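Residue-level structural notes
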4 protein chains.
Amino acid sequence: MTHTGRHFLQIPGPTNTPDRVLRAMAAPTLDHRGPEFAELAGEVIDGIRPVFGTTRPVVIYPSSGTGAWEAALVNTLSPGDRVLCFETGHFATLWQEMARNLGLDVQVIPGDWRHGVDPQRVADELTADTERAVKAVLVVHNETSTGVTSRVAEVREAIDSTGHPALLLVDTISSLGSIDYRHDEWGVDVTVGGSQKGLMLPPGLGFNAVSEKALEASETAKLSRSFWDWRPILAANEKGAFPYTPATHLLYGLREALLMLQEEGLPNVFARHQRHAEATRLAVRGWGLEVLCADEREHSGSLTGVIVPADHDADKIRAVILDQYNMSLGAGLGKLAGRVFRIGHLGDFNDLMLAGTLAGVQMGLSVAGVPVDPSGINAALQRLQLP
Amino acid sequence: MTHTGRHFLQIPGPTNTPDRVLRAMAAPTLDHRGPEFAELAGEVIDGIRPVFGTTRPVVIYPSSGTGAWEAALVNTLSPGDRVLCFETGHFATLWQEMARNLGLDVQVIPGDWRHGVDPQRVADELTADTERAVKAVLVVHNETSTGVTSRVAEVREAIDSTGHPALLLVDTISSLGSIDYRHDEWGVDVTVGGSQKGLMLPPGLGFNAVSEKALEASETAKLSRSFWDWRPILAANEKGAFPYTPATHLLYGLREALLMLQEEGLPNVFARHQRHAEATRLAVRGWGLEVLCADEREHSGSLTGVIVPADHDADKIRAVILDQYNMSLGAGLGKLAGRVFRIGHLGDFNDLMLAGTLAGVQMGLSVAGVPVDPSGINAALQRLQLP
Amino acid sequence: MTHTGRHFLQIPGPTNTPDRVLRAMAAPTLDHRGPEFAELAGEVIDGIRPVFGTTRPVVIYPSSGTGAWEAALVNTLSPGDRVLCFETGHFATLWQEMARNLGLDVQVIPGDWRHGVDPQRVADELTADTERAVKAVLVVHNETSTGVTSRVAEVREAIDSTGHPALLLVDTISSLGSIDYRHDEWGVDVTVGGSQKGLMLPPGLGFNAVSEKALEASETAKLSRSFWDWRPILAANEKGAFPYTPATHLLYGLREALLMLQEEGLPNVFARHQRHAEATRLAVRGWGLEVLCADEREHSGSLTGVIVPADHDADKIRAVILDQYNMSLGAGLGKLAGRVFRIGHLGDFNDLMLAGTLAGVQMGLSVAGVPVDPSGINAALQRLQLP
Amino acid sequence: MTHTGRHFLQIPGPTNTPDRVLRAMAAPTLDHRGPEFAELAGEVIDGIRPVFGTTRPVVIYPSSGTGAWEAALVNTLSPGDRVLCFETGHFATLWQEMARNLGLDVQVIPGDWRHGVDPQRVADELTADTERAVKAVLVVHNETSTGVTSRVAEVREAIDSTGHPALLLVDTISSLGSIDYRHDEWGVDVTVGGSQKGLMLPPGLGFNAVSEKALEASETAKLSRSFWDWRPILAANEKGAFPYTPATHLLYGLREALLMLQEEGLPNVFARHQRHAEATRLAVRGWGLEVLCADEREHSGSLTGVIVPADHDADKIRAVILDQYNMSLGAGLGKLAGRVFRIGHLGDFNDLMLAGTLAGVQMGLSVAGVPVDPSGINAALQRLQLP
């Protein structure tokens, strides 16, 4: 079947790159050591900070978000350091595996993939750590595999309540530019981001926002590093340069994407995502299905995980929807494979794109033989009639 | 209010230009007298014919569709010639005004803007024209202002039944590449087309498909012409050239658009448009509103005209929808202003774009205070669950 | 032979469309009746005026420059009106043929295709026309086929000296945005332009700048017209609209191109073209070849015609250069076919592109067996070392 | 001064991205876990191999070439391993610093930055290494900072002559797709590449071509790695996937670039670069200046280093050329700063672009007050008249 019209890319990222950004990227290559590039570099190096809620430097890598995970670890930690982690989902688990591969001592608090990090548990573990063996707490802000958003501000309070000196490292890959986040205010030490979600760019840029304390830690950290080393990058950035060739075209795109976020206003961006997430949950529950996230305080603004009835295969439903309705949805990952699909509603998005998305899910479920109450779509539309 | 995401351009043309076509057009300019251009010209000159249902030449102008209207007249008629016309809507009326401006004797059969050309009336008028004063019958195949499609094959039969030698000139601007059309089979003499509807291109190309009989008429036609003159164009086209600089970038785009139509297959293209038109009517009637087209045989595949309740202003509804839902709909034109809006569902389109469109209309009507039955959307979605 | 790198498009138009303009054109289609389009329309309708040197309206057609030729004639003249024309080259001749086709009485003053319009001859002819039969004088400002620029200001003075009321119609297709031109100051009545030369756009837009006197003439002119009629266009333009669908994407491009001309400054644009023309003539003469233009006051800033030695075929030389050096040059047209080639140096161009161009001509001549003095290139480079 | 026309980007990379590639990259984002992406992945994973001269896997990173340097080291070596290195220029030195930062024992053979790696010296050092402490020999194939190409095949023979088991790691960042290179035939163990030179893409992809022996080494190598680890990537690649989000848009571009290289044919690509390098040297010497590369066997096909007379500052000359002629040249790096500039003649390039480049250098030198013989340009043009 030949597909016509725009593909509905409703995975939780990479997201639809707006044509404005694509056109900004379709520009001729320029000399990355010349004055024109220095101006561009200055703009994006400064312009990215508010998106992280920081006034401090943000390191930009020509890499995926995975690379930025590695950067956060190798710049702050030494072989054998203990890190406290939480099994909130697939990506939290992958980050933990990476930490283990790099030679860290990874302490994992198990989880059910339906809840975020429990702040009380953080406090308990750090209180119990009387020897201060834990050097860092790793939190995934928004679990892309589940649609659960951990309460980072409360995690911060929990750490503070114990007086424990551990660093706080947070992955915001699928929340950055979509869900309210405050690197400075929440006292996060390293915030990890990527280009391909709320920033509306193609994949290929990784970010580390870095606190003063993290920078100090980097002076003594002993994990081997060269490409990921913050120090030469921060030094070069001060002159609008990079120590090695940057991904120039993604920086062209980043400049345009930052302008778009600025035009809309970050608070409006966050509110838009919350509103779409609410409408999506109303549809899901209207159909008679269950949302994966089990805590009302933790629903993600970026994506919604949907549990399919036990006698159906989520991947078959997704295949029907891709084939028949030209829409990509996110698969259940890891231990959720086949039991869950994920609806991305982040990035460059609007009410009618969401309406089309939810209509596609509703029709696809029907076509795939899953009994759904067709009033689901109208529950969402009613929400979308309000601001 | 800042708009995000893709604008829903649901006017009945210009339509969404697919990004494939935009990228094909973003190519460097080439020498329009060189060998590379000759190859391109050959491809589009040949490739456009099947879209018109003809094996004969199609003249391509760097102009709007309006220009192609003028070309159809000045190539075939002489000052004072009588043309038989039908008041099927706004664009039919404009074409008639043009004919008058050019010095033709325009005979107009009045209409209610809810029906197409009545084939019986054609037969009656031509039968009555015993002096053969009528030199051409002008028909708008798909009235963009109303969503009514005239039955051209039956008009042809009506003409034939009278033995009248009048030429048949047909405007397919908003049906070409969307609604089944057969220049050769239906014995049309000049078919007028444009680039910006079913062909999925930006505006800027006009077309005339030309029958043998029309070409003969052009030998003796006396309306003054130079730019629009078929003869030097057809002569140059045989060598892959044009007598004056063609709109090269739109031809790049045309090549890509023809490829897309070919990939999908014209019968599939037509069926897709019919299916979307049906789903749209189901929604409109589900809301409790009336479709403008009053004859079940004449519903347009390209667009649907919707009558708003007498106490509401269609333009205010459209303004609400544009502001709140980032969607453009077509206005009521001429004597339908304020009483009707038009939903375009043509060109590079798919089920979920239609679902988003109909959701936007439903929500917009509600927000604008028009009472609608929200089950309308589901009537459409049920149709879209079937092939 | 596979070509690599950028093609050198050194015909005298269409010119290299800058990537900025191509990217501006690669934008989604918008509603040509909506508020966003009205803003764009307003910008280009106003912004184009200074390029013509006028503060009065400029009509923009979705057409080639040829169409704008026709518009200039049909809006101001009546069947049988006499027009005074000059055989300055191929395009002047084509415009005269068009005038004849439209039913005008065309008086042609023969020429040798190496000189512009002789202002004295204009005065003589108009003085002789005691019956004021001549309704318009037609001048091609810059003959694209020869590289000769007529002295329009002096033609104006010549007309004025006779007190003759004839309109002055000027074709600036290959001078607009390249060579100093002043519609208002020089008292031109209709100035004809196109998009694809100094305006750096793809082909597809035609222009008419219109004097008060021309507008008055249009009230009584009797040549038939509808598509080309200025009046509905000027009326619609006042509200940021067009009476029929405009070539939206070329208007996107026009906005960007006008911005580029404004950034550089029109006097700088004109000076740049003159400087490149001078350098080109230095190279041509350095090679030992002759420039086609025979009057030092009339050298074109846009292009240079080069006479090839009598025993060589200019088209073969061009074929060698296209094949071997990936560069398109202009052919000799009409009676210059095979005897002349033309080097375009207009539009989005710079010193090193010119140096590459001249190097290519020099090498191509050598490869084609035309004896040339290789110091030609250095004569040009010496000029380009000066401002 | 406002620049017009195309910028001449004549640094030795990043190179001019052809508009074909830019347009291929300007496509909508797609699901990197869907079937359409798997097809793209398969094409580029296979298609990149011949460019390296290998039939074995090539790992593609979303990173700069610097990242691919790190990948080559961390996948094959363990802390404290000795690597034999040669000071052939600035980038060789940077790679050595990286090796040191990662904890390797770096043995550097000093050099004068005008010669490549001396194969005899390789043999001598390895012969002396009776304890087989050296685990790898690091060679930069084409020193981007000098324009000197090391003779990798002879280095291979030198290693073989000693029977030493050291791995051979080669950086081809500025030779890949420009200068003849044969990973398999020359027995290279890891070849490091980047996207932004001969591959004609923007920066953002790094490559490692991997021999069987290197893969075996990776099983026991102990440098910490996660992001750079070949094994999960090679495993995922077999299914057309990547273990983390790939730089999708650069892969779109890579597919197009590989097609362009295939259309031209790699032997033709290499010959074109050599021919342009020869012409460049003829110009440099014609001007009376000295080429940096001091060994006739080692001239680079990608770039030419030019020594400026002792009383001039190369950076001031470059600034004049950028300002006046809109051309970027490469600076002297490290200890060559101010004494040398570099002309890039690689990637998507042709004869007239080279002629423009050399004209710009010649004029810029003159304008900057460096005495040059203007016949330099003609020495180059004479070469370019031959195949």
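All values reported here derive from a predicted model rather than from experimental measurement.

Considering the overall build of chain A
Counting its regular elements, chain A contains 14 helices and 14 strands. Expected size for 387 residues packed as a compact globule is a radius of gyration near 21 Å; at 21 Å, chain A falls within 12% of this value. For the C-alpha atoms alone, the extent of chain A along its principal axes is close to 60 × 55 × 35 Å. Going through the 387 residues of chain A one by one, you find that 62% of them count as buried.

A look at the UniProt feature "domain: Aminotransferase class V" (unreviewed entry) in chain A
Mapped onto this structure's residue numbering, the UniProt feature "domain: Aminotransferase class V" (unreviewed entry) falls at residues 9-332 of chain A. Across residues 9-332 of chain A one finds 42% helix and 17% strand; the C-alpha atoms that close the span lie 16 Å apart.

Re the relation of the copies chain A and chain D
When chain A is fitted to chain D, the residual RMSD is 0.0 Å, and the transformation amounts to a turn of 180° plus an axial shift of 0.0 Å. What we have between these two chains is a two-fold relation. The rotation axis passes nearest to the C-alpha of A:S63 in chain A, at a distance of 2.4 Å. A share of 100% of the interface residues of chain A reappears at the interface of chain D, consistent with the copies meeting face to face through the same patch.

Details of the interface of chain C and chain A
Between chain C and chain A, the contact holds five residues from the first and five residues from the second. In the side of chain C that touches chain A, the residues fall into three nonpolar, no polar and two charged.

Examining the interface of chain A and chain D
At the interface, 47 residues of chain A touch 47 residues of chain D. Secondary-structure elements contributing two or more residues to the side of chain A that touches chain D are α1 (19-25), α4 (65-74), α5 (90-101), α10 (248-264) and β13 (327-331) of chain A. With four residues, α4(A) is the largest single contributor of residues to the side of chain A that touches chain D. The class makeup of the residues in the side of chain A that touches chain D is 21 nonpolar, 22 polar and four charged.

Some details on the confidence of the model for chain A
Here chain A averages 97 in pLDDT, and 100% of its residues register 70 or above. The ipTM, which scores confidence in the relative placement of chains, is 0.97 for this predicted complex, and the corresponding pTM is 0.97.

As for the relation of the copies chain C and chain A
When chain C is fitted onto chain A, the two copies agree to an RMSD of 0.0 Å after a turn of 180° and an axial shift of 0.0 Å. Looking at chain C, 100% of its interface residues are interface residues in chain A too, so the copies touch through the same face.

A closer look at the sheet that holds strand β11 (residues 290-291) of chain D
All names here are of chain D. Strand order in the open sheet formed by five strands is β1-β13-β14-β12-β11, with mixed pairing between adjacent strands. Edge positions in the open sheet fall to β1 (8-10) and β11, since each of these has one partner strand only. Examined bridge by bridge, β11 and strand β12 (residues 303-307) share two bridges and lie antiparallel to one another. Counted as the bridge partner of V291 is V306 from β12.

Looking at helix α14 (residues 376-384) of chain B
For α14(B), the full list of buried residues reads B:G376, B:I377, B:N378, B:A380, B:L381 and B:L384. Here the buried face of α14(B) lies against α13 (351-367) and α14 (376-384) of chain A together with α11 (266-287) and α13 (351-367) of chain B.

Digging into the packing of helix α12 (residues 314-325) of chain C against helix α13 (residues 351-367) of chain C
Residue and element names in this part refer to chain C. Contact geometry of α12 with α13 gives a least axis separation of 9 Å together with a crossing angle of 115°. Here α12 lies roughly perpendicular to α13, going by the angle between them. In this structure, α12 meets α13 at a crossing whose hand is right-handed. Contacts from I317, V320, I321, Q324 and Y325 in α12 reach G360, V361, M363, G364, L365 and V367 in α13.

Comments concerning the sheet that holds strand β1 (residues 8-10) of chain B
All names here are of chain B. Here five strands make up an open sheet; going across it, the order is β1-β13-β14-β12-β11 and the pairing mixed. Of all the strands in the sheet, just β1 and β11 (290-291) have a single pairing partner and so form its edges. Of the pairings in the sheet, the one linking strand β13 (residues 327-331) to strand β14 (residues 340-344) comprises two bridges and is antiparallel in character. If you follow A331 over to β14, its bridge partner there is F341. In the packing of helix α12 (residues 314-325) onto the sheet, contacts are made with β13 and β14, and the angle to β13 comes to roughly 165°.

Examining the pairing of strand β8 (residues 167-171) of chain B
Residue and element names in this part refer to chain B. β8 sits mainly inside the fold: five of its five residues count as buried. Residue alternation in β8 divides its side chains into two sets, L167, L169 and D171 and L168 and V170, and both sets are buried. The pairing of strand β5 (residues 134-140) with β8 spans five bridges and is parallel. Across the sheet, residue V139 finds its bridge partner in β8, namely V170.

Describing the domain arrangement of chain A
All names here are of chain A. For chain A, the assigned domains read domain 1 (8-15 + 266-384) and domain 2 (19-262). The partner domain 2 presents 29 residues to the 29 residues of domain 1 that form the contact. For the side of domain 1 that touches domain 2, the element with the highest residue contribution is helix α11 (residues 266-287), accounting for four residues.

Let's talk about the pairing of strand β4 (residues 105-109) of chain B
The side chains of a regular strand alternate between both faces of the sheet. Residues and elements named next belong to chain B. Inspection of the sheet shows strand β3 (residues 82-86) paired to β4 by five bridges, in the parallel sense. Considered in β4, the bridge of L84 is made with Q107. In this view, the connection linking β3 to its parallel neighbour β4 by way of helix α5 (residues 90-101) has right-handed handedness.

Notes on helix α10 (residues 248-264) of chain C
Residues and elements named next belong to chain C. Look at α10: 25 Å from first C-alpha to last across 17 residues, which is about the 24 Å you get at 1.5 Å a residue. Looking only at α10, the buried set comprises T248, H249, L250, L251, Y252, G253, L254, A257 and L258. Where α10 is buried, its residues meet α1 (19-25) and α2 (35-47). Immediately downstream of α10, the backbone of G265 shows phi near 90°, a positive value.

Comments concerning the environment of C:A271
Residue and element names in this part refer to chain C. Mapping A271 onto the fold places it in helix α11 (residues 266-287). Owing to 15 C-beta atoms within 10 Å, A271 belongs among the partly exposed residues under this scheme. The spacing of A271 and D180 is 91 residues in sequence and 8.8 Å in space, taken between C-alpha atoms.

Quick notes on the environment of C:D313
Residues and elements named next belong to chain C. For D313, the location among the structural elements is in the loop between β12 (303-307) and α12. Judged by the 14 C-beta atoms lying within 10 Å of it, D313 falls in the partly exposed class. When the C-alpha positions of D313 and V340 are compared, they lie 8.3 Å apart, and in sequence the two are 27 residues distant.

Observations regarding unusual backbone geometry
Residues apart from glycine generally show negative phi values, whereas peptide bonds are mostly found in trans. Here the bond from C:G13 into C:P14 is cis, since omega is -5°, no more than 30 degrees from zero. On the secondary structure map, C:P14 appears in the loop between β1 (8-10) and α1. Phi at B:N326 is positive, roughly 55°, even though this residue is not glycine. With respect to the secondary-structure elements, B:N326 resides in the loop between α12 and β13. Judged by the 21 C-beta atoms lying within 10 Å of it, B:N326 is buried.

Focus on the environment of C:D105
You can see C:D105 is positioned in strand β4 (residues 105-109). If we skip the residues at most four places from it in the chain, C:D105 touches C:G80, C:D81 and C:R82.

Criteria and thresholds
- Residues numbered from 1 in each chain as written.
- Chains lettered and ligands numbered in written order.
- Predicted model: local features only at pLDDT ≥ 70, side-chain atom pairs only at ≥ 80, totals over all residues.
- Helix = DSSP H or I, 4+ residues; strand = E, 2+ residues; numbered from the N terminus.
- Rg over C-alpha atoms; globule rule 2.2 N^0.38 Å.
- Buried ≥ 20, exposed ≤ 12 C-beta atoms within 10 Å, placed from the backbone.
- UniProt positions renumbered as here; feature names shortened; annotations may be inferred.
- Least-squares fit on C-alpha atoms with pLDDT ≥ 70 in both.
- Contact = placed C-beta atoms within 7 Å.
- Nonpolar A, V, L, I, M, F, W, Y, C, P; charged D, E, K, R; others polar.
- pLDDT = per-residue confidence, 0-100.
- Pairing = 2+ DSSP bridges.
- Axes fitted to C-alpha atoms, helices over the stretch in contact; angles between N-to-C directions.
- Parallel < 35°, antiparallel > 145°, perpendicular 65-115°, else oblique.
- Left-handed = near helix turned anticlockwise from the far one by under 90°.
- Domains from an automatic or database assignment.
- Right-handed = clockwise from strand over helix to strand, strands pointing away.
- Expected span 1.5 Å × (residues − 1).

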